[in-house]
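In case you want the letters, here they are:
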Amino acid sequence: MRLFRTGLIAVPLVLVAGTIGAFMIFGLTANRDHIGSPNAAETFVAGDVAGGRLLVAVEDGQAYAFDITVWFESDEGSNDATLIQPSVSMTMVGHDMGRTPVQMLRRSDGTWRGVGTFPMGGRWRFQIAFDGEIVRLDHTAR
């Protein structure tokens, strides 16, 4: 009888300790991987423009650095529009900081890529002008 009572107390304690241990191992490890990742946040938008879609992706790097990629998907599958250089600028939402241009360079795969640094964390708006049309993307820098 005494062994039975000990078992009734010990089994739930072992289950609770195992659950807490699993949470600490898996929960804290997953959080650490996310924070330590140089690509912790990515924002994507597809904007309809004449003849297809303009696709924009912004990825966070370390120390407020970012990488922006712009590419055009034609309705008919042609690659001609990739020769049109997008004009990209950024501004902080809710602050009168003006627009900062982002230099874009064409890559061999037909995409345009720019890199830069956010002056501070917060919500930023990218404005991409492409062949007379505007696509906007909001991104939160962490």
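See above for the structure.
Every chain is numbered independently, its residues counted from 1 as its sequence is written. Reporting in this predicted model follows two pLDDT cut-offs: at least 70 for local features of residues, and 80 or more for side-chain atom pairs to be given and counted; totals over whole chains, interfaces and linings ignore these cut-offs and use all residues. Hydrogens and waters are ignored; side-chain quantities use all the structure's heavy atoms.

**Student:** Honestly, the overall build of the protein chain in this entry has me stumped. Any pointers?
**Tutor:** For the protein chain, the count of helices and strands is 1 helix and 9 strands. Taking all 142 residues of the protein chain together, the buried fraction comes to 29%. Contacts: residue pairs with any heavy atoms within 4.5 Å of one another. Across the protein chain, contacts joining residues at least 24 apart in sequence account for 49% of those joining residues at least 6 apart. A total of about 9200 Å² of accessible surface is found on the protein chain, and carbon and sulfur atoms cover 58% of it. Numbering of helices and strands starts at the N terminus; helices are DSSP runs of H or I of at least 4 residues and strands are runs of E of at least 2. Per-residue accessibility, obtained with a 1.4 Å probe over protein chains only, is compared with the maximum for each type, and a residue is labelled buried under 20%, exposed over 50%, and partly exposed between these values. To measure how exposed things are, a 1.4 Å probe is used in the Shrake-Rupley method; for residues, cover is taken only from the protein chains shown.

**Student:** What is the right way to look at the pattern of salt bridges in this model?
**Tutor:** Pairs can form between side chains of opposite charge once their charged atoms are near each other. Salt bridges are defined as contacts in which a side-chain nitrogen from Lys or Arg sits within 4 Å of a carboxyl oxygen from Asp or Glu. Tallying each qualifying case throughout the model produces 6 salt bridges. A salt bridge links D67 to R113; its shortest N-O distance comes to 3.0 Å. Of this pair, D67 sits in strand β3 (residues 65-74) while R113 sits in strand β7 (residues 112-117), placing them 46 residues apart in sequence. Taking the relative accessible area as the measure of exposure, R113 reaches 32% and is therefore partly exposed. Bridged by salt links that share partners, the residues R53, E73 and D75 form one connected network.

**Student:** I tried to follow the pairing of β3 on my own but got confused; where do I start?
**Tutor:** As paired elements, strand β2 (residues 52-60) and β3 share 9 bridges and run antiparallel to each other. In the sheet register, L54 faces β3, and the bridge partner there is F72. Here the rule is simple: two strands pair whenever DSSP picks up at least two bridges between them. Sheet topology note: the β3/β7 ladder contains 6 bridges and is antiparallel. Bridging across to β7, F66 finds its partner in G116.

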